Structures are given as C-alpha cells and as structure tokens.
Amino acid sequence: MPRIKSLGMNYIYLMPIFETGKDAKSPYFIKNIREIDSKYGTLKDFKLLIKEANKLDLKIVLDIVFTGTSSDALIYQENPE
C-alpha cells in the first residue's frame, strides 16, 4: 500500500469480494453480501486492510451492484415474494 500511496493515489478500488452463488458467471452474482468469499480472505483480513489503508490516508472503495444477485442469493431465501 505504501507504493500505491507513493503513486499519488487516494483510493484502493476493489471488485466485488462477497460470496457468489453456484450459478455465478461473474463476481457480481452475489449470494451473500454478509460473507466475504474465502478466496479473498476473511472479514478480519478485510478489516485489517481498511485499518492499514487508513494509516496511509487511503480509502477503500467496494464495487457492488445490488441488483446483480445469484439465483440462490440469501435475499431471495429471506424474501421470496
């Protein structure tokens, strides 16, 4: 991250990091917005990333499309209507 900051950057942009569904064709087919996909680490890892970025005055930007959900998404199970 110090290298990113040295390039004059203020933000780190992340593609979707959340758990994707079984039919996911892209990281935008989110199954569960409450869980980070294990291939990207854990929630603890993410919080550490934010903490370390903030020390360098870097902000984290998450890319997410709320309408891009998987057919087995948690939101469909909780709200079938």
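See above for the structure.
What you are looking at is a predicted structure, and each value in this text was computed from that prediction instead of being measured.

K.L.:
Please explain the overall build of the chain as it appears in this structure.
P.N.:
Looking only at helices and strands, one finds three helices and four strands in the chain. Along its sequence from the N terminus, the chain presents helices and strands in the succession α-β-β-β-α-β-α. Over its C-alpha trace the chain gives a radius of gyration of 15 Å, far above what one expects of a compact globule, namely 12 Å for 81 residues. Taken over the C-alpha atoms alone, the chain extends approximately 50 × 20 × 20 Å along its principal axes. Burial analysis of the chain (81 residues in total) assigns 23% to the buried set. The contacts of the chain with a sequence gap of at least 6 include a subset with a gap of at least 24, amounting to 60%. Computing the positive centroid from 12 side-chain charges and the negative centroid from 11, the chain places the two 8 Å apart.

K.L.:
What is the right way to look at helix H2 (residues 43-55) in this model?
P.N.:
Counting along an α-helix, one turn takes 3.6 residues, and residues three or four places apart therefore face a common direction. Counted at 1.5 Å a residue, the expected span for H2 with its 13 residues is 18 Å, and the 19 Å between its end C-alpha atoms agrees. Where H2 terminates, the next one or two residues include Asp57, which has phi positive at roughly 60 degrees.

K.L.:
Even after reading the chapter, I still don't get the environment of Ile36, so can you show me in this structure?
P.N.:
Mapped onto the elements, Ile36 comes out in strand E3 (residues 30-36). It is 17 Å that separates the C-alpha atoms of Ile36 and Ile12, two residues lying 24 residues apart in sequence. The residues contacting Ile36, other than those within four sequence positions of it, are Ile17, Phe18, Glu19, Gly41, Thr42, Leu43 and Phe46.

K.L.:
What should I look at first to understand the packing of aromatic side chains in this one?
P.N.:
Two numbers describe a pair of aromatic rings. These are the distance of the centres and the angle of the planes. The final tally for this structure, using the stated rule, is zero aromatic pairs. The ring of Phe29 has Lys25 sitting right over it, with the charged end atom 6.0 Å from the ring centre.

K.L.:
Looking at this structure, how should I read unusual backbone geometry?
P.N.:
Glycine aside, residues mostly have negative phi angles, and peptide bonds mostly take the trans form. With a phi close to 60 degrees, Asp57 is a non-glycine residue in the positive phi region. Structurally, Asp57 can be placed in the loop between H2 and strand E4 (59-62).

Definitions and cut-offs
Residues numbered from 1 in each chain as written. Predicted model: local features only at pLDDT ≥ 70, side-chain atom pairs only at ≥ 80, totals over all residues. Heavy atoms only, no water. Helix = DSSP H or I, 4+ residues; strand = E, 2+ residues; numbered from the N terminus. Rg over C-alpha atoms; globule rule 2.2 N^0.38 Å. Buried < 20%, exposed > 50% of the residue type's maximum accessible area, 1.4 Å probe, protein only. Contact = heavy atoms within 4.5 Å. Lys, Arg positive; Asp, Glu negative; His and termini not counted. Charge placed at Lys NZ, Arg CZ, Asp CG, Glu CD. Expected span 1.5 Å × (residues − 1). Phe/Tyr/Trp six-rings, centres within 6.5 Å; stacked < 30°, edge-to-face > 60°. Lys NZ or Arg CZ within 6 Å of the ring centre and 35° of its normal.

Any link to function would need more than the numbers given here.
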